[in-house]
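Here's the letter readout for the chains.
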Amino acid sequence: MFSLLGSVSDGTMVDSPLAGLDTAWALLARASDVDRDVTEDLMGRPEVGVWASHTLRRLRRNPPSDIPLWAELGYLHALAAAAAIRTGLTAELDIPVRHGTAVIPTVGSAMLPLDSPFGTAHVRTGPGGTEISASGAVVRIATDCPAWHEPIRVRVGHDETDLRVELADRDAYRDLRGPSAPRPLHPAETARWRSMLSEAWAILIRDHQPAARAIAAGIRVLSPVPAKEPFRQLSASGGEAFGGMLLSFPDDSTQLAVTLVHEFQHQKLGALLHLLTLTTDEPSVRYYAGWRDDPRPAGGLLQGAYAFAGVTEFWRTHRFRCRPAAAALAHFEFALWRRQTLRVLRTLAGSGRLTGHGSRFVGDLLQQVEEHEREPVPRVEATLAADLALDHEALWRAHNIVVPDLVVADLVAAWARGASAPIPAEASSAVRATPDVGLLDSRAVLARYRLTRASAFEQFQNDPETVSASVLGASAADVALIAGDREAAGRAYRVRVETASDDVHGLVGLGLSRPDRTADPVARALLRRPELVRAMAARLSVSGAVDVVRLAAWIGAALPPDRPDPIGWRAV
């Protein structure tokens, strides 16, 4: 906050319709003298963290924006008005109005008839109550005033551990990604959230009490966003907004419960990182993470590893406590995330990017997940998890790894003269720092349909061409593969790569469909070094059609028998 105020020059608010920041700050100080707990509660809100960090970046970098700067800085005035109302002060102050909504954080919001997207409202508060006025309209803070909206507060649970959160739908800074227009929740939506939170909380209280107690103590605000397709819930949290989570409506209460665990793991680690340095990031070095489509720096890798260690622990217990019909999915999720988390923790341990504190932290996590690795999982779910972990890594490599032109030229020359493939070292390649990729999880989403929505998956099998409408990025070949029909899947993937030899999804799918991935050189190439096949196919296709299977067999025959240890790549 002080960094923000210190970045505001004397002329910043000259053209503002609001009073200077010193006026708002003085009112906050008066309120703090009356009740310091109130102002500390206000200033500790996650929305305030988002606002302060966003506005500070704007002041320092001056990026293009459709939002007037005074409207951004004026959030301080809204906080001051909230403090005055909550401490019973008599005060008058103008606050910003965005898209017809004047938000007074923790107090509520008023709907006002403004003609423009940004304007001001006058707040007058005292012993007689509070009024917000603009454009001739007056809104009183009262439950019977139709233009006034109280915050949506939800309390679920019983006994000693209740979850008490606010569903933020109007505050401009409820979205961790930046300012957003109000999106009022319909009463029916609110009711669905209350019901889903109650069910999810019951799961956490029953099976994960330590996690539940931590979440209850730390989470204050949930910011709903529009839902995506099934099994692709959107959720996020950030170190600048402790106590807040962004999330779409879940598929079911279990998904919400594990999301609360996941995001609060991020929150806890974010708080720890304010006290200790755990990594020494080198911005030019990035790593693979089994839950991301993009290469990650060491710090981001650690964030994900800690979050998914919590996710793994959740599924470890839940698979024995859930309904029998849900057990297959729970076993699959446990097997998948323990594998992906273990891989990342081993990468971190060998990265050379950990401080002393970081090494101890990662060592403890690694021991925990290695213990999980010894626990049995049913064969079908374990095999499916292993296949889809392999799928994700191969897709990631094909999308992200940049094979140098000289390496491609050497491969093409060797191919032309009938020599063995000169397999380059991992370190010779780089990765794209900001790749334009996505949907590396489409086959995993189909697996979740197979395990939990049998009728929907059967419909995909009966009419495979409909699958892309339900699972973005999925194909008929993917349905056959996940159904266990590798022969049909292989034929379909072969057609895809014959049409487009650098079709990443088709290349990796073809590798997954091969019956013997250990001995088959085609499978080895397409799953272990698909970036080489893709780069060569792209180069050779300039001169005509490419036999991708023959090309993959050539590369696969030259690959060493052992996979290299996880490494980092130079980002370009």
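Computed from a predicted structure; not experimentally measured. All chains use their own residue numbering, which begins from 1 and follows the written sequence. Only residues with pLDDT of at least 70 get local features here, since the model is predicted, and only at 80 or more are side-chain atom pairs given and counted; chain-wide, interface and lining totals rely on the full set of residues. Excluded from the side-chain calculation are hydrogens and water; included are all heavy atoms of the structure.

Quick look at the overall build of the chain
Let me state the cut-off plainly: For the purposes of this entry, the term helix denotes a DSSP run of H or I that reaches at least four residues, the term strand denotes a run of E that reaches at least two, and both are numbered from the N terminus. In this treatment the radius of gyration is a C-alpha quantity, and the globule benchmark scales as 2.2 Å times the residue count to the 0.38 power. Accessible area is worked out with a 1.4 Å probe on protein chains only. A residue is then buried under 20% of its type maximum, exposed over 50%, and partly exposed in between. Residues are treated as being in contact if the distance between any of their heavy atoms lies within 4.5 Å. Within this scheme the basic residues Lys and Arg register as positive and the acidic residues Asp and Glu register as negative, but His and the chain ends are omitted. Where a charge lies is defined by one atom per residue type, namely NZ (Lys), CZ (Arg), CG (Asp) and CD (Glu).
A count of helical and extended segments in the chain gives 23 helices and 16 strands. In terms of overall dimensions, the chain is globule-like: its C-alpha atoms have a radius of gyration of 27 Å, near the 25 Å expected for 572 residues. When each of the 572 residues of the chain is scored for burial, the buried share is 53%. In the chain, 68% of the contacts between residues at least 6 apart in sequence involve partners at least 24 apart. Considering the chain, the positive charge centre built from 62 side chains and the negative charge centre built from 67 side chains are found 4 Å apart.

Observations regarding empty space enclosed by the protein
Which entries qualify depends on this criterion: A 1.4 Å probe that fits into a set of points on a 1 Å grid over the protein atoms alone but cannot get out defines a cavity; an open set with protein on both sides within 12 Å along at least five of seven lines defines a pocket, and lining residues are those with an atom within 4 Å of a point. Grid points are joined across faces, edges and corners, and a volume is the space filled by probe spheres set on the points. Basically, the charged four are Asp, Glu, Lys and Arg, the nonpolar ten are Ala, Val, Leu, Ile, Met, Phe, Trp, Tyr, Cys and Pro, and anything else, Gly included, counts as polar.
Counted according to the given criterion, the structure contains 2 cavities of 30 Å³ or more. Roughly 140 Å³ of internal volume is contained in the largest cavity. Taken together, 16 residues make up the lining of the largest cavity; nearest its centre are Tyr75, Pro96, Arg98, Val103 and Ala172. Elements that contribute at least two residues to the lining of the largest cavity include exactly helix 6 (75-87), strand 1 (91-98) and strand 2 (101-104). Class assignment for the residues of the lining of the largest cavity results in 10 nonpolar, 3 polar and 3 charged. Approximately 50 Å³ is the volume found for the second largest cavity. Those elements that provide at least two residues to the lining of the second largest cavity are helix 4 (46-61), strand 10 (221-225) and strand 12 (244-248). Here the lining of the second largest cavity is composed, by residue class, of 8 nonpolar, 2 polar and 2 charged.

A short note on the side chain of threonine 259
Which entries qualify depends on this criterion: For the purposes of these results, a polar contact is taken to be a pair of N or O atoms within 3.5 Å, where, inside protein, one atom must be able to donate a hydrogen and its partner to accept one; residues adjacent in sequence count only when each atom of the pair is a side-chain atom.
With respect to the helices and strands, threonine 259 occurs in helix 9 (residues 253-273). On the basis of relative accessibility, which here comes to 7%, the residue threonine 259 falls in the buried class. A polar atom in the side chain of threonine 259 sits 2.6 Å from the side chain of glutamine 233.

Quick look at the pattern of salt bridges
We count it as follows: Note on definitions: salt bridges are taken to be side-chain nitrogens of Lys or Arg within 4 Å of carboxyl oxygens of Asp or Glu.
Using the criterion set out here, one finds 41 salt bridges in the structure. When the shortest N-O distance is used, the salt bridge between arginine 45 and glutamate 166 registers 3.0 Å. You can see arginine 45 sitting in the loop between helix 3 (36-43) and helix 4 and its partner glutamate 166 sitting in strand 9 (residues 161-167), a full 121 residues away along the chain. The shortest N-O distance in the salt bridge between arginine 494 and glutamate 498 comes to 3.3 Å. Separated by 4 residues within a single helix, arginine 494 and glutamate 498 lie in helix 19 (residues 486-499), roughly one turn from each other. Classification of arginine 494 by relative accessible area gives partly exposed; the value is 31%. Overlapping salt bridges bring together Glu313, Arg316, Arg319 and Glu375 as one network.

Concerning the sheet that holds strand 15 (residues 430-431)
Selection criterion: Note on pairing: two strands pair once DSSP finds at least 2 bridges between them.
Spatial strand order, 13-16-15-14: 4 strands in an open sheet with mixed pairing. On the outer flanks of this sheet lie strand 13 (285-286) and strand 14 (401-402), each paired with one strand and no other. Here strand 13 pairs with strand 16 (residues 569-571) via 2 bridges, running antiparallel. In the strand pairing of strand 16, valine 285 is matched with arginine 570.

Details of the layout of surface pockets
If you add up the space inside the second largest pocket, you get close to 730 Å³. Listed by contribution, the elements that provide at least two residues to the lining of the second largest pocket are helix 11 (327-349), helix 13 (379-400) and helix 21 (521-528). With 5 residues, helix 11 is the single largest residue contributor to the lining of the second largest pocket. When grouped by side-chain class, the residues that make up the lining of the second largest pocket number 15 nonpolar, 2 polar and 13 charged.

Topic: the side chain of arginine 528
Mapping arginine 528 onto the fold places it in helix 21. Sequence-distant contacts of arginine 528, defined by excluding residues within four places in its chain, comprise Arg397, Ala523, Leu559, Pro560, Pro561, Asp562 and Arg563.

Remarks on the packing of helix 19 against helix 20 (residues 504-513)
The condition that has to hold: Only the contacting stretch of a helix is used when fitting its axis, a line to C-alpha atoms as for every element, and angles between N-to-C directions run 0 to 180 degrees. Throughout this description, any angle smaller than 35 degrees is read as roughly parallel, any larger than 145 degrees as roughly antiparallel, any in the 65 to 115 degree range as roughly perpendicular, and the remainder as oblique. In a left-handed crossing the near helix is turned counterclockwise from the far helix by less than a right angle, and in a right-handed crossing that turn is clockwise.
For the pair helix 19 and helix 20, the least separation of the axes is 8 Å and the interaxial angle reads 150 degrees. Here helix 20 runs roughly antiparallel to helix 19, going by the angle between their axes. Handedness of the crossing formed by helix 19 with helix 20: left-handed. Contacts between helix 19 and helix 20 involve Arg486, Ala489, Gly490, Tyr493, Arg494, Arg496 and Val497 from the former and His505, Gly506, Leu507, Gly509, Leu510, Leu512 and Ser513 from the latter. The class makeup of the residues in the contact of helix 19 with helix 20 is 6 nonpolar, 5 polar and 3 charged.

Some points on the sheet that holds strand 8 (residues 152-158)
The sheet built from 5 strands is open, its strands ordered 8-9-10-12-11 with mixed pairing. A single partner strand is all that each edge strand has here, and the edge strands are strand 8 and strand 11 (235-236). Helix-sheet contacts for helix 9 involve strand 10, strand 11 and strand 12, and the interaxial angle to strand 12 is about 145 degrees.

Focus on helix 20
In terms of burial, helix 20 is largely enclosed, as 10 of its 10 residues are buried. Considered for burial, the residues of helix 20 that qualify are Val504, His505, Gly506, Leu507, Val508, Gly509, Leu510, Gly511, Leu512 and Ser513.

Brief notes about the packing of aromatic side chains
Selection criterion: Each Phe, Tyr or Trp ring, with Trp reduced to its six-membered ring, pairs with another whose centre is within 6.5 Å; inter-plane angles below 30 degrees give stacked pairs, above 60 give edge-to-face pairs, and intermediate values give tilted ones. A positively charged side chain is recorded as over a ring if its NZ (Lys) or CZ (Arg) lies within 6 Å of the ring centre. The angle to the ring normal must also be within 35 degrees.
Applying the stated criterion across every chain yields a total of 13 aromatic pairs. Connected via pairs of aromatic rings, a cluster forms that spans Trp51, Tyr75 and Tyr173. Taking NZ or CZ as reference, arginine 192 lies 3.9 Å from the ring centre of phenylalanine 249, over its face.

A word on the environment of valine 508
Topologically, valine 508 is positioned in helix 20. Once residues within four sequence positions are removed from consideration, valine 508 is found in contact with Asp391, Ala394, Leu395, Arg443, Leu526, Leu527 and Pro530.

Quick notes on the packing of helix 2 (residues 21-34) against helix 6
One can describe the packing of helix 2 onto helix 6 by two numbers: an axis separation of 8 Å at closest approach and a directional angle of 25 degrees. When the axes of helix 2 and helix 6 are compared, the pair comes out roughly parallel. Once helix 2 is placed against helix 6, the crossing between them reads as left-handed. Where helix 2 abuts helix 6, its residues Leu21, Ala24, Trp25, Leu27, Leu28, Ala31 and Val34 lie against Leu76, His77, Leu79, Ala80, Ala81, Ala83, Ala84 and Thr87. Its residues placed into classes, the contact of helix 2 with helix 6 shows 13 nonpolar, 2 polar and no charged.

Some details on unusual backbone geometry
The residue asparagine 62 is not glycine, and still its phi comes out positive at about 55 degrees. Relative accessible area serves as the criterion here: at 62%, asparagine 62 is assigned to the exposed category. Notably, phenylalanine 231 is not glycine yet its phi reads approximately 70 degrees, a positive angle. Following the sequence through the fold, phenylalanine 231 ends up in the loop between strand 10 and strand 11. What makes phenylalanine 231 buried here is its relative accessible area of 15%.

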